[in-house]
Amino acid sequence: MELYTQLREGEKGALVSIGTYLVLSALKLTIGYIGTSEALKADGLNNTTDIAASIAVLIGLRISQKPPDENHHYGHLRAETVASLVASFIMAAVGLQVLINASRNLLHPIHETPSLLTAFVAGGSAIVMYFVYRYNLKLAKRINSSAVRAAAYDNRSDALVSLGATIGILASIFGVPILDTITAILVGFLIMKTAYDIFIEAVLTLTDGFNEDEVETLSVLVRKVQGVIHLEDFKGRMHGNLMFVDLTVKVNPLLNVIESHRITEEIERKIHLVKPFCMVLVHIEPHLMEASKE
């Protein structure tokens, strides 16, 4: 199935992120300690969490590809969303640790000025992470993967964090050393914010939440189908990247089974044009007001 092929494609994004984070985290932590930069060390610690988060995404993508079985009639697609949730917890835990460490340094400041090398490392990291972000975002749009999209947003956050670290380090070098620690605190808050955004999106999916804009868009399509007199009910939920839509429409009660079935097929066709990975269940009911006019 094309959906499972796309999930396999998503693994490439997770592997690219893991490889990049491994190199950058080792480099930042090493240079951060040598060059005495709290901001660069915080940035490196952030990347270590990103390794764990990317591994969680990779595992989720692998599990999502398992076919339906006797205990999972709809497949294992939600494993991808669970992986995003786990990733958000990992990021939040490290973001909190960064805030604690930076706050301690703010109360008991270290008067060593970071080396210029730490600024170059942070700036180079920002550029690298921006290109990884662009790669994963393009991949996420092509395969419609929420987990890869979450990874891309994490990459973007990391690029901004590294850019902020660069600014803080340079400010510290040029005579305002406290800005290095303040930047580390901002890094911690950015990590927490990214974790929160991923958490909210994952929880919405796992609790069968559904975007109101999607409801409105698909409802308009259904109402325009010839033969549909009234859209009585519309329900939607996400199962990983697969959308489930249950709807009830009212039609002329004098239609035969073949004519009613044609309406359901047309509804499915129109929805699939905009949402290819969507399971549509249409329930037909007679429109009694129409019957009274006949």
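This write-up is about the structure you can find in this document. Keep in mind it's a predicted model, so treat the numbers as computed, not measured.

### A word on the overall build of the protein
Point 1. If you tally the helices and strands in the protein, you get nine helices and three strands.
Point 2. Across the protein, helices and strands are ordered from the amino to the carboxyl terminus as α-α-α-α-α-α-α-β-β-α-β-α.
Point 3. The C-alpha atoms of the protein give a radius of gyration of 25 Å, which is well past the 19 Å a tight globule of 294 residues would have.
Point 4. Its C-alpha atoms give the protein principal-axis dimensions of roughly 90 × 35 × 30 Å.
Point 5. Counting every position in the protein, which comprises 294 residues, the buried fraction comes to 48%.
Point 6. Counting only contacts in the protein whose residues sit at least 6 apart along the sequence, the fraction spanning at least 24 positions is 75%.
Point 7. Summed over its atoms, the accessible surface of the protein is roughly 15100 Å², and 65% of this surface lies on carbon and sulfur atoms.
Point 8. Averaged over its 25 positive side-chain charges, the protein has a centre that lies 4 Å from the centre of its 30 negative ones.

### Quick word on a nonpolar patch on the surface
Point 1. On the surface, a nonpolar cluster with roughly 450 Å² of combined accessible area is contributed by L106, V176, I178, L179, I182 and L186.
Point 2. Here the nonpolar patch gets four residues from one element, more than from any other, and that element is helix α6 (residues 178-206).
Point 3. Here I178 falls in the partly exposed class, since its relative accessible area comes to 45%.

### Remarks on the layout of surface pockets
Point 1. Volume-wise, the largest pocket comes out at about 600 Å³.
Point 2. Every residue lining the largest pocket is counted, 25 residues in all, and those nearest its centre are R149, E201, T205, E214 and M238.
Point 3. Counting residues per element, the ones that place at least two in the lining of the largest pocket are α3 (79-107), α5 (146-173) and α6.
Point 4. Residue contributions to the lining of the largest pocket peak at five residues, all from α6.
Point 5. Residue composition of the lining of the largest pocket, by class: 11 nonpolar, 10 polar and four charged.

### Remarks on the side chain of D158
Point 1. Summarising the element assignment, D158 is placed in helix α5.
Point 2. Among buried charged residues, D158 stands out as having no salt bridge; its nearest opposite-charge side chain is K28, 6.8 Å away.
Point 3. Setting aside residues up to four positions removed in sequence, D158 forms contacts with Y21, N46, N47, D50 and M129.

### What about the environment of F189?
Point 1. On the secondary structure map, F189 appears in helix α6.
Point 2. Along the backbone, F189 and G95 are 94 residues apart, and their C-alpha atoms lie at a distance of 6.8 Å.

### Thoughts on the nonpolar core
Point 1. Ranked by size, the top nonpolar core spans 20 residues in total, and within it F234, L247, V249, I267 and I271 carry the most contacts.
Point 2. Listing elements by their share of this core, those giving two or more residues are α7 (212-223), β1 (230-239), β2 (242-251), α8 (257-274) and β3 (278-286).
Point 3. Per element, the largest residue contribution to this core is five residues, and it comes from β2.
Point 4. In contact with F234, not counting residues within four places along its chain, are F210, V215, L218, S219, V245, D246 and L247.

### Let's talk about the pairing of β3
Point 1. Taken together, the nine bridges between β2 and β3 define a ladder with parallel strand orientation. Bridged to F244 within β3 is M279.
Point 2. Taken together, β2, α8 and β3 form a β-α-β motif whose crossover is right-handed.

### Details of the environment of I167
Point 1. Positionally, I167 belongs in helix α5.
Point 2. Taking relative accessible area as the criterion, I167 reaches 55% and is therefore assigned exposed.
Point 3. Between the alpha carbons of I167 and T183 there is a distance of 8.2 Å; along the sequence they are 16 residues apart.

### Here we look at the packing of aromatic side chains
Point 1. Scanning all chains against the criterion turns up three aromatic pairs.
Point 2. Between Y130 and F131, the aromatic rings sit 5.9 Å apart at their centres with planes inclined by 70°, giving edge-to-face as the arrangement.
Point 3. A residue is classified by how much of its surface remains accessible, and Y130, at 43% relative accessible area, is partly exposed.
Point 4. On the basis of relative accessibility, which here comes to 56%, the residue F131 falls in the exposed class.
Point 5. Between Y130 and Y133, the ring centres sit 6.1 Å apart and the planes meet at 50°, which makes this aromatic pair tilted. Of this pair, Y130 and Y133 both sit in helix α4 (residues 116-143), separated by three residues, roughly a single helical turn.

Cut-off values and rules
Residues numbered from 1 in each chain as written. Predicted model: local features only at pLDDT ≥ 70, side-chain atom pairs only at ≥ 80, totals over all residues. Heavy atoms only, no water. Helix = DSSP H or I, 4+ residues; strand = E, 2+ residues; numbered from the N terminus. Rg over C-alpha atoms; globule rule 2.2 N^0.38 Å. Buried < 20%, exposed > 50% of the residue type's maximum accessible area, 1.4 Å probe, protein only. Contact = heavy atoms within 4.5 Å. Areas by Shrake-Rupley, 256 points an atom, 1.4 Å probe, with all protein chains shown as cover. Lys, Arg positive; Asp, Glu negative; His and termini not counted. Charge placed at Lys NZ, Arg CZ, Asp CG, Glu CD. Patch = residues over 30% accessible without salt bridge, like charges linked within 9 Å, V, L, I, M, F, W, Y side chains within 5 Å. Salt bridge = Lys/Arg side-chain N within 4 Å of Asp/Glu carboxyl O. 1 Å grid on protein atoms, 1.4 Å probe; cavity = no way out; pocket = protein on both sides within 12 Å on 5 of 7 lines; lining within 4 Å. Points joined across faces, edges and corners; volume = space filled by probe spheres on them. Nonpolar A, V, L, I, M, F, W, Y, C, P; charged D, E, K, R; others polar. Core = buried A, V, L, I, M, F, W, Y, C linked by side-chain atoms within 4.5 Å. Pairing = 2+ DSSP bridges. Right-handed = clockwise from strand over helix to strand, strands pointing away. Phe/Tyr/Trp six-rings, centres within 6.5 Å; stacked < 30°, edge-to-face > 60°.

Function cannot be read off these values alone, since they describe shape.
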